[in-house]
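Residue strings, one per chain:
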Number of protein chains: 2
Amino acid sequence: MTKNAQIPLSCELCSLRDKSIFRDLGDVELKELSDAKSCVYFKKGQILMHEGSRPNGVFCLHHGKAKIFRLGTEGKEQIIRFAKDGDLIGYRSLLSDENLSASISALEDTHACYIPKSALLHLIETNPKFSLNIMKLSCHELGQAGKIITNLAQKSVRERLAEILLLIDATFGLDEDDNLNVSLTREEIANMVGTATESVIRLLSEFKDDDLITVKGRKIKINNKSSLIKIGNVYD
Amino acid sequence: MTKNAQIPLSCELCSLRDKSIFRDLGDVELKELSDAKSCVYFKKGQILMHEGSRPNGVFCLHHGKAKIFRLGTEGKEQIIRFAKDGDLIGYRSLLSDENLSASISALEDTHACYIPKSALLHLIETNPKFSLNIMKLSCHELGQAGKIITNLAQKSVRERLAEILLLIDATFGLDEDDNLNVSLTREEIANMVGTATESVIRLLSEFKDDDLITVKGRKIKINNKSSLIKIGNVYD
DNA sequence: ACAATAACATGACAAAAATCATAAAAATTG
DNA sequence: CAATTTTTATGATTTTTGTCATGTTATTGT
């Protein structure tokens, strides 16, 4: 990772702050955070953190996208979740005092802020509201994880793929041509759905034949969201 | 739920305290907690909390066992995790300020303490160490959830069943005859593994034929833990 | 731009797991 | 304790999904 590449932005001026975990910090705290953090840059494909390691801080994504994934028994990636601008990543193992349970890699060139453990813990210890926000975040993710577990256990690959397309839409939104605003290989989609790459390829073709989506390479456009909702049995 | 049935124990005298989330409370805090909580009793099969609802407190299990589960699309239970003596349950939705993402039911007659939301939040706001313990708990569970997700996505039913038997062992331990110390139907095991009841029945018979386990009704004894570890590809 | 590499696509087949059917055994309850 | 319901067991079959093979098309790096 490259230190201090671009974004010389201070946390005080960060446009993402209101939507981030740091939304409730006071001026002094923001200044301290700004002084403690460093700006880092990752090229597409680079690893931000490595499963099993013990990082000494967390990242807050400033501009970019990342995947959080675990390696299964046969060395196959299982993508647990995605991260987008403003998201805090790596906090889980830091707070549970465990090795990292997953790796993080950049889905595209990504600017992030690295926040040392000490700065994060200081905030937690001194700012109850921040502390509560962290709890809210981890507890929310825990609820999401329960939903994913249930889907993996009970839904078909077809249902899960439909749901994942909707999740990608909800997470990253659309680009200027209304395509899903992230470039994922079929293999990465499969690693999120929890299936074989070939199955994703086949099912995407089916969805395309049924005009549910338009596919041009890695650009995917959702034409019929309500049908995908039905196919995926998505109720929320 | 029946109020004040048995266990008139105060938190100060609770033998489970040292292993519970309340391990770091001071004397005054313990007294306040003790005054705020109520003792409740559930018969086997009773629901402690209902998915979708908004409880106004949490439970700490005093003596008993519970399953935490979600209902999937076809109304099938997916067991997310088990709870045993000393475990705190229901805190997730309370802290994330969401509806309950799962139901909780008693696997056997269970004594629990009901702790009002206000008492829990008061502790969080005033005791940073307690607050950190809660974070540690939710973050640890989040890591576990990631592992479960990866297993469901990548392991075979056979592998998952082997792993679940070991998980039950690790969670509930053994009874006086060295059987797994919990009574689960084959269907419940299937709802944990994420498969059909018949598949669990067949695989348990196979494990029995291979002398990995001994089965007498719902009593299951693990004869060969290391083989189960191998079959389940369990590396931790 | 071009070669090398990685990703995509599709068919054929195999394996895993679900479903359906039926019977026997247990557990529960009036 | 007899009756009813639930659970367990097993076989037969279907469905779903994964794997392997092969060719094509995109990407990437020099």
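Predicted, not measured: the structure shown is a model, and the values here were computed from it.

Engineer: Give me the overall build of chain A: which residues, what numbers.
Structural biologist: Within chain A one finds 8 helices and 11 strands. By the compact-globule yardstick of 18 Å for 236 residues, chain A fits well, its C-alpha radius of gyration being 19 Å. For the C-alpha atoms alone, the extent of chain A along its principal axes is close to 55 × 35 × 30 Å. Counting every position in chain A, which comprises 236 residues, the buried fraction comes to 55%. When the accessible surface of chain A is split by element, carbon and sulfur atoms take 50% of a total near 10700 Å². Side-chain charges in chain A split into 32 positive and 33 negative, and the spacing between the mean points of these groups amounts to 1 Å.

Engineer: I'd like a description of the protein's contact with DNA strand C, backed by residues and values.
Structural biologist: Taken together, 15 residues are adjacent to DNA strand C, and Arg186(A), Arg218(A), Val157(B), Thr195(B) and Ser199(B) come closest. Within 4 Å of the protein, the contacting atoms of DNA strand C are drawn from sugar and phosphate to the extent of 62%. Separating a phosphate oxygen of DNA strand C from a side-chain N or O atom of Thr195(B) is a distance of 2.5 Å. Contacts to DNA strand C include Glu198(B), whose side-chain N or O atom sits 3.2 Å from a base nitrogen. Within the residue set of the surface near DNA strand C, elements represented by two or more residues are α6 (186–193) and α7 (197–209) of chain A together with α7 (197–209) of chain B. Split into classes, the residues belonging to the surface near DNA strand C amount to 3 nonpolar, 5 polar and 7 charged.

Engineer: Go over the pattern of salt bridges with me, naming the residues and quoting the values.
Structural biologist: Any two side chains of opposite charge can pair, given that their charged atoms come close. Residue and element names in this part refer to chain A. Enumeration according to the criterion identifies 26 salt bridges over all chains in this entry. Its salt-bridge partner being lysine 155, residue glutamate 163 comes within 2.6 Å of it at the nearest N-O pair. Both residues of the pair, glutamate 163 and lysine 155, count as buried. Within the structure, one salt-bridge network assembled from shared partners comprises Lys67, Glu77 and Glu188.

Engineer: Tell me what's going on with the sheet that holds strand β8 (residues 103–106) of chain A, and back it up with residues and numbers.
Structural biologist: All names here are of chain A. Spatially, 4 strands are ordered β3-β8-β5-β6 in an open sheet, and the strand pairing comes out antiparallel. Strands with a single pairing partner mark the edges of an open sheet, and in this sheet they are β3 (47–49) and β6 (77–83). On average, adjacent strands in this sheet sit at an angle of 35 degrees to one another, irrespective of strand direction.

Engineer: Outline the sheet that holds strand β6 (residues 77–83) of chain B, listing residues and values.
Structural biologist: Strand order in the open sheet made by the 4 strands is β3-β8-β5-β6 (chain B), with antiparallel pairing throughout. Each having just a single partner strand, β3 (47–49) and β6 of chain B make up the two edges of the open sheet. In this sheet, adjacent strand axes meet at a mean angle of 35 degrees when their direction is disregarded. Of the strands in this sheet, β5 (66–71) and β6 of chain B touch helix α4 (residues 128–154) of chain A, which is tilted by about 130 degrees from β6(B).

Engineer: Could you give me a rundown of the domain arrangement of chain A, with the residues and numbers involved?
Structural biologist: All names here are of chain A. Per the domain assignment, the segments of chain A are domain 1 (2–143) and domain 2 (155–232). If you average the C-alpha positions of domain 1 and of domain 2, the two centres end up 27 Å apart. Counting residues at the interface gives 12 residues for domain 1 and 12 residues for domain 2. Here domain 1 and domain 2 share an interface that buries about 1100 Å² over both sides, 61% of which is from carbon and sulfur atoms. When the buried area of domain 1 at its contact with domain 2 is split by residue, Lys65, Ile79 and Phe82 rank highest and sum to 45% of it. Here domain 1 is connected to domain 2 by 1 salt bridge. Here the side of domain 1 that touches domain 2 takes 7 residues from β6, the largest share from any one element. The class makeup of the residues in the side of domain 1 that touches domain 2 is 5 nonpolar, 1 polar and 6 charged.

Engineer: Now, about the relation of the copies chain A and chain B: what can you tell me, with residues and values included?
Structural biologist: With an RMSD of 0.0 Å, chain A superimposes on chain B once it is rotated by 180 degrees and translated 0.0 Å along the axis. Taken together, these values place the two copies in the relation of a two-fold axis. Same-surface contact between copies: 100% of interface residues of chain A are shared with the interface of chain B.

Analysis parameters
- Residues numbered from 1 in each chain as written.
- Chains lettered and ligands numbered in written order.
- Predicted model: local features only at pLDDT ≥ 70, side-chain atom pairs only at ≥ 80, totals over all residues.
- Heavy atoms only, no water.
- Helix = DSSP H or I, 4+ residues; strand = E, 2+ residues; numbered from the N terminus.
- Rg over C-alpha atoms; globule rule 2.2 N^0.38 Å.
- Buried < 20%, exposed > 50% of the residue type's maximum accessible area, 1.4 Å probe, protein only.
- Areas by Shrake-Rupley, 256 points an atom, 1.4 Å probe, with all protein chains shown as cover.
- Lys, Arg positive; Asp, Glu negative; His and termini not counted.
- Charge placed at Lys NZ, Arg CZ, Asp CG, Glu CD.
- Near = heavy atom within 4 Å.
- Polar contact = N/O pair within 3.5 Å; in protein donor to acceptor, adjacent residues only side chain to side chain.
- Nonpolar A, V, L, I, M, F, W, Y, C, P; charged D, E, K, R; others polar.
- Salt bridge = Lys/Arg side-chain N within 4 Å of Asp/Glu carboxyl O.
- Pairing = 2+ DSSP bridges.
- Axes fitted to C-alpha atoms, helices over the stretch in contact; angles between N-to-C directions.
- Contact = heavy atoms within 4.5 Å.
- Domains from an automatic or database assignment.
- Buried area = accessible area lost by both parts, 1.4 Å probe.
- Least-squares fit on C-alpha atoms with pLDDT ≥ 70 in both.

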